[in-house]
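Each chain, written out:
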Amino acid sequence: MASTSSSAPPHYVLASHNTPQPGTSAQASSILSHVDIQYRHADDSPLSLLPSHPDEHVFILYHDPDNPAAPIIKSTSSQFALSGVRVSQAPGAGMDEDKNPNMYVLQVTSIGADPSKYAS
């Protein structure tokens, strides 16, 4: 039986959409959502990271197995920016020994677009 390893690729990934409240200085509300994950390798074409249609937003999480606590994140979207990533133990993740037990929450902020359009 394989041992659980945080050096395995991320499996539990969520996006936290921070939506500023217009006209107030109040803290932004946050909506958690699941993301579609597509694994790419260093020797894959970088063109595979480009959106395939105008409404697709691609967020890149570079997971270095030698430094799993410090992932690098990027956004190819003109409507969303990534401001950080929180890495924590995923609740109940210890059940599957082959998957990375951490949950990665991407901090996503809308840039100049109506954020309610993307909330589901």
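Bear in mind that the values here come from a model prediction, so they are computed numbers and not experimental data.

Trainee: Sorry, what's going on with the layout of surface pockets here?
Mentor: Once rolled over the atoms, a probe with the size of a water molecule shows which space is left empty. Each pocket or cavity is described by its volume, and for the largest pocket that value is around 1,400 Å³. Forming the walls of the largest pocket are 41 residues, and the residues nearest its centre are Asp36, Gln38, Val58, Phe59 and Ile60. Residue assignment for the lining of the largest pocket shows that the elements contributing at least two residues are β1 (12-19), β2 (29-34), β3 (59-62) and β4 (72-75). Each residue belonging to the lining of the largest pocket can be placed in one class, and the counts come to 24 nonpolar, 11 polar and 6 charged.

Trainee: Teacher, can you tell me more about the side chain of Ser77 here?
Mentor: Mapped onto the fold, Ser77 is located in the loop between β4 and β5 (80-89). Relative accessible area serves as the criterion here: at 13%, Ser77 is assigned to the buried category. Within the local environment of Ser77, its side chain forms a polar contact with the side chain of His57, the two groups lying 2.9 Å apart. Here the side chain of Ser77 touches Gln79 through a polar contact of 2.9 Å, landing on its backbone nitrogen.

Trainee: Even after reading the chapter, I still don't get the nonpolar core, so can you show me in this structure?
Mentor: If you look at soluble globular proteins, the nonpolar side chains tend to sit buried side by side. Val13, Ala15, Ile73, Phe80, Leu82, Tyr104, Leu106 and Val108 together form the largest nonpolar core, which totals 8 residues. Only β1, β5 and β6 (102-110) provide two or more residues apiece to this core. Ranked by residues supplied to this core, first place goes to β6 with 3 residues. Other than its neighbours up to four places away in sequence, Leu82 contacts Phe59, Ile73, Lys74, Ser75, Leu106, Gln107 and Val108.

Trainee: Looking at this structure, I do not really get the packing of aromatic side chains. What am I missing?
Mentor: Each aromatic ring pair is summarised here by two numbers: the centre-to-centre distance and the angle between the ring planes. Counting across every chain of the model gives 1 aromatic pair. Ring geometry for Phe59 against Phe80: centres 6.4 Å apart, planes inclined by 85 degrees, an arrangement best described as edge-to-face. Highlighted residues: Phe59 in strand β3 and Phe80 in strand β5, separated in sequence by 21 residues. Classification of Phe59 by relative accessible area gives partly exposed; the value is 22%. The class for Phe80 is buried, based on a relative accessible area of 5%.

Trainee: Help me understand the environment of Asp44, please; the structure alone is not making it clear to me.
Mentor: Structurally, the position occupied by Asp44 is in the loop between β2 and β3. For Asp44, a relative accessible area of 32% gives the class partly exposed. Within the local environment of Asp44, its side chain forms a polar contact with the backbone nitrogen of His41, the two atoms lying 2.8 Å apart.

Trainee: Even after reading the chapter, I still don't get the side chain of His17, so can you show me in this structure?
Mentor: For His17, the position within the fold is in strand β1. For His17, a relative accessible area of 16% corresponds to the buried category. A distance of 2.9 Å separates polar atoms of two side chains, one belonging to His17 and the other to Ser33.

Procedures and definitions
- Residues numbered from 1 in each chain as written.
- Predicted model: local features only at pLDDT ≥ 70, side-chain atom pairs only at ≥ 80, totals over all residues.
- Heavy atoms only, no water.
- 1 Å grid on protein atoms, 1.4 Å probe; cavity = no way out; pocket = protein on both sides within 12 Å on 5 of 7 lines; lining within 4 Å.
- Points joined across faces, edges and corners; volume = space filled by probe spheres on them.
- Helix = DSSP H or I, 4+ residues; strand = E, 2+ residues; numbered from the N terminus.
- Nonpolar A, V, L, I, M, F, W, Y, C, P; charged D, E, K, R; others polar.
- Buried < 20%, exposed > 50% of the residue type's maximum accessible area, 1.4 Å probe, protein only.
- Polar contact = N/O pair within 3.5 Å; in protein donor to acceptor, adjacent residues only side chain to side chain.
- Core = buried A, V, L, I, M, F, W, Y, C linked by side-chain atoms within 4.5 Å.
- Contact = heavy atoms within 4.5 Å.
- Phe/Tyr/Trp six-rings, centres within 6.5 Å; stacked < 30°, edge-to-face > 60°.

Read these as layout, nothing more, since geometry by itself doesn't imply function.
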